[in-house]
Amino acid sequence: DKAPLSKSLLLVPSAISILLTLLFQHYQKFFAYNLQAIKEDFQIWRLVCGRTICLDLKDTFCSSLLIYNFRIFERRYGSRKFSSFLLGAWMLSALFDLLLVEITQYIFGITINSLPSGFLGPVFALFVPFYSSIPRVQVTQVLGHFSITNKTLVYILGLQLLTSGSYIWILALSGLVSGICYNSSILKVHRILCVPTWVAKIFSWTLEPIFSSAEPTNEVRVGMGATVDIQRQQRMELLDRQIMMSQVAQMRRQRQQQGGMINWNRLFPPLRHRHNANYQDHRPSEQDIPPPTEVSEEQVARLMEMGFSRGDALEALRASNNDLNVATNFLLQH
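Only a predicted model underlies this, so the values are computations on that prediction, with no experimental measurement involved. (Residues numbered from 1 in each chain as written. Predicted model: local features only at pLDDT ≥ 70, side-chain atom pairs only at ≥ 80, totals over all residues. Heavy atoms only, no water.)

Sorry if this is basic, but what is going on with the overall build of the protein chain here?
Each helix and strand counted, the protein chain has 19 helices and four strands in total. When burial is assessed residue by residue, the protein chain has 37% of its 334 residues classed as buried. For the protein chain, the exposed area adds up to about 19800 Å²; of that, 61% sits on carbon and sulfur atoms. (Helix = DSSP H or I, 4+ residues; strand = E, 2+ residues; numbered from the N terminus. Buried < 20%, exposed > 50% of the residue type's maximum accessible area, 1.4 Å probe, protein only. Areas by Shrake-Rupley, 256 points an atom, 1.4 Å probe, with all protein chains shown as cover.)

The following block contains the structure:
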């Protein structure tokens, strides 16, 4: 639900990869990531074909599972921003692939004519926001010392993908570097390498209805995972949404009580009661009321790019203390 791009990346490349492996093996040469043909024969089209479809079914399986786990970013940021990140990481990683190959040849004297095919650069780039923005929740411990968290399986899949080929470490390194560049806004890369609004609207009108999914019911959302780990992850996501909605609702009630302003003293209720014994009868003066929260115009623009109105974006950012993630989740739930 709310992740049509992730669904399309799961279905379309995987289906093509299976067909090329089982039925159309003589067409695999057109999807090989041949660097020599790109540099010497200027076959630029191989950058598109060779860096989109996996020719190894194990790489297809691991990358599909990783995309499935990374669908949370499309739900959090919206399809346009998520596709912009993938586009930027794809283009940057292609550049870093060529640079790393030249550096390897210059330093170690190793000539690399081809690299593993597939949508691997952006997949490795998604580990950067996954590491920095997804909270680490301990699930259990092994032998009393090694912690198993909700992120352990994803890292194991990434390690499995990393060890699937001889030179896949080049793709992994270029993907991680491109993810860092895009996620940290180095040289304003996220402003240059982004999907235009009109392109996003065209795809939302044409392809999104094909890959969109209905919102699951509460019965399906909780307790219907294929494994115990998936069921536990589903319950944690549901609990996180409930806590977030409760916090946002509480902040909105406090804003209404104070004339639309956030009560910053809510973070220190014991101190507030200690200084004022008759708290319930006390009415704050104009000097005690804090100024309204300043909303970042950049964050307002990001929410508007996702399709929300400016008024809803301002209200959500003010209610969430200018937290873009909380505001996005709040608007998606309403």
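Don't stop here, the text continues.
What exactly am I supposed to notice about the nonpolar core here?
The nonpolar side chains of a soluble globular protein tend to be buried, and buried together. One finds Leu66, Phe70, Phe73, Leu115 and Leu161 to be the most contacted residues of the largest nonpolar core, which totals 43 residues. Top element by residues in this core is helix H6 (residues 79-108). It accounts for nine residues. Not counting the four nearest positions on each side in its chain, Phe70 is found in contact with Phe82, Val123, Leu126, Phe127, Phe130 and Val154. Membership of the second largest hydrophobic core comes to 12 residues, among which are Val295, Phe308, Ala316 and Leu324. (Core = buried A, V, L, I, M, F, W, Y, C linked by side-chain atoms within 4.5 Å. Contact = heavy atoms within 4.5 Å.)

I'm lost on helix H1 (residues 4-22) in this one. Help?
Each full turn of the α-helix corresponds to 3.6 residues, which orients residues three or four apart in the same direction. For H1, built from 19 residues, the straight-helix expectation of 27 Å at 1.5 Å per residue is met to within 8% by its first-to-last C-alpha distance of 27 Å. For H1, the set of buried residues is Pro4, Ser6, Ser8, Leu9, Pro13, Ser14, Ser17, Leu20 and Thr21. For H1, the elements touching its buried residues are helix H4 (57-69), helix H5 (71-77), H6 and helix H13 (208-211). (Expected span 1.5 Å × (residues − 1).)

Explain the UniProt feature "transmembrane region" (unreviewed entry) in the protein chain here, please?
Sequence positions flagged by UniProt for "transmembrane region" (unreviewed entry) are, in local numbering, residues 6-24, 85-108, 114-132 and 153-177. Taken end to end, residues 114-132 has its terminal C-alpha atoms 32 Å apart, with 63% of it in helix and 11% in strand. (UniProt positions renumbered as here; feature names shortened; annotations may be inferred.)

Can you help me understand helix H10 (residues 168-183) in this one?
With 16 residues, H10 should cover 22 Å at 1.5 Å per step; its first-to-last C-alpha distance of 22 Å lies within 8% of that length. Those residues of H10 lying buried are Ile168, Ile170, Leu171, Ala172, Ser174, Gly175, Ser178, Gly179, Cys181 and Tyr182. Looking one or two residues beyond H10, the residue adopting positive phi is Ser185, at roughly 60°.

So what exactly am I meant to see when it comes to the packing of H4 against helix H9 (residues 152-162) here?
Where H4 meets H9, the axes come as close as 10 Å, and the angle between the chain directions of the two elements is 155°. Taken together, the axis directions place H4 and H9 in an arrangement best described as roughly antiparallel. Our pair here, H4 against H9, has a crossing hand that is left-handed. Between H4, through Lys58, Asp59, Cys62, Leu65, Leu66 and Asn69, and H9, the contact on the second element is made entirely by Val154, Leu157, Gly158, Gln160 and Leu161. Tallied by class, the residues present in the contact of H4 with H9 amount to six nonpolar, three polar and two charged. (Axes fitted to C-alpha atoms, helices over the stretch in contact; angles between N-to-C directions. Parallel < 35°, antiparallel > 145°, perpendicular 65-115°, else oblique. Left-handed = near helix turned anticlockwise from the far one by under 90°. Nonpolar A, V, L, I, M, F, W, Y, C, P; charged D, E, K, R; others polar.)

Would you mind going over a nonpolar patch on the surface with me for this structure?
Taken together, the side chains of Ile18, Leu19, Leu22, Leu23, Phe24, Tyr27, Phe30, Trp45 and Leu57 define a hydrophobic patch exposed on the protein surface, amounting to about 860 Å² of accessible area. Looking at the nonpolar patch element by element, the count peaks at three residues for H1. Relative to the elements of secondary structure, Phe24 occurs in the loop between H1 and strand S1 (33-34). Accessibility expressed as a relative area gives 36% for Phe24, which makes it partly exposed. (Patch = residues over 30% accessible without salt bridge, like charges linked within 9 Å, V, L, I, M, F, W, Y side chains within 5 Å. Salt bridge = Lys/Arg side-chain N within 4 Å of Asp/Glu carboxyl O.)

What is the right way to read the pattern of salt bridges from this model?
Once their charged atoms are close, side chains differing in charge can pair, the charge on each being opposite to the other. For the structure shown, the criterion picks out three salt bridges. The closest approach of N and O atoms between Glu102 and Lys39, which form a salt bridge, is 3.1 Å. Placement of Glu102 in helix H6 and of Lys39 in helix H2 (residues 35-40) is noted, with a sequence separation of 63 residues between them. Ionic pairing is found between Arg310 and Glu297, a salt bridge with its closest N-O pair at 3.1 Å. One end of the pair, Arg310, is in helix H18 (residues 310-319); the other, Glu297, is in helix H17 (residues 297-305), and 13 residues separate them in sequence.

Whenever I open this one, the environment of Ile170 confuses me. Can you help?
The topology assignment puts Ile170 in helix H10. With relative accessibility at 0%, the residue Ile170 sits in the buried group. Spatially, the C-alpha atoms of Ile170 and Ser93 are 9.5 Å apart, while their sequence positions differ by 77 residues. Not counting the four nearest positions on each side in its chain, Ile170 is found in contact with Asp97, Leu100, Val101, Ile112 and Leu115.

How should I be thinking about the confidence of the model for the protein chain in this particular structure?
This prediction gives the protein chain a mean pLDDT of 78; 75% of its residues lie at or above 70. Confidence, expressed as mean pLDDT per element, reaches its minimum in the protein chain at helix H16 (residues 269-275) with 40 and its maximum at helix H7 (residues 120-125) with 94. Counting interchain partners and residues more than four positions distant, the pLDDT-below-50 stretch residues 219-226 has 17 contacts. The low-confidence segment residues 260-290, where pLDDT is below 50, has 26 contacts with residues more than four positions distant or belonging to other chains. (pLDDT = per-residue confidence, 0-100.)

Explain the packing of aromatic side chains to me, please; I cannot follow it from the model alone.
The geometry of an aromatic ring pair is captured by the separation of the ring centres together with the interplanar angle, meaning the angle of the planes. Scanning the entire structure with this criterion turns up 10 aromatic pairs. With a centroid separation of 5.3 Å and an interplanar angle of 85°, the aromatic rings of Phe70 and Phe127 are classed as edge-to-face. Of this pair, Phe70 sits in the loop between H4 and H5 while Phe127 sits in helix H8 (residues 127-133), and the two are 57 residues apart along the sequence. Note on accessibility: Phe70 and Phe127 belong to one class, buried. Sitting above the plane of the Phe130 ring, Lys151 keeps its charged end 5.0 Å from the centroid. (Phe/Tyr/Trp six-rings, centres within 6.5 Å; stacked < 30°, edge-to-face > 60°. Lys NZ or Arg CZ within 6 Å of the ring centre and 35° of its normal.)

Before we go on, may I ask you to explain the side chain of Ser84 in this structure?
Take Ser84: it is sitting in helix H6. Excluding anything up to four places from it in sequence, Ser84 contacts Tyr182, Leu193, Cys194 and Val195.

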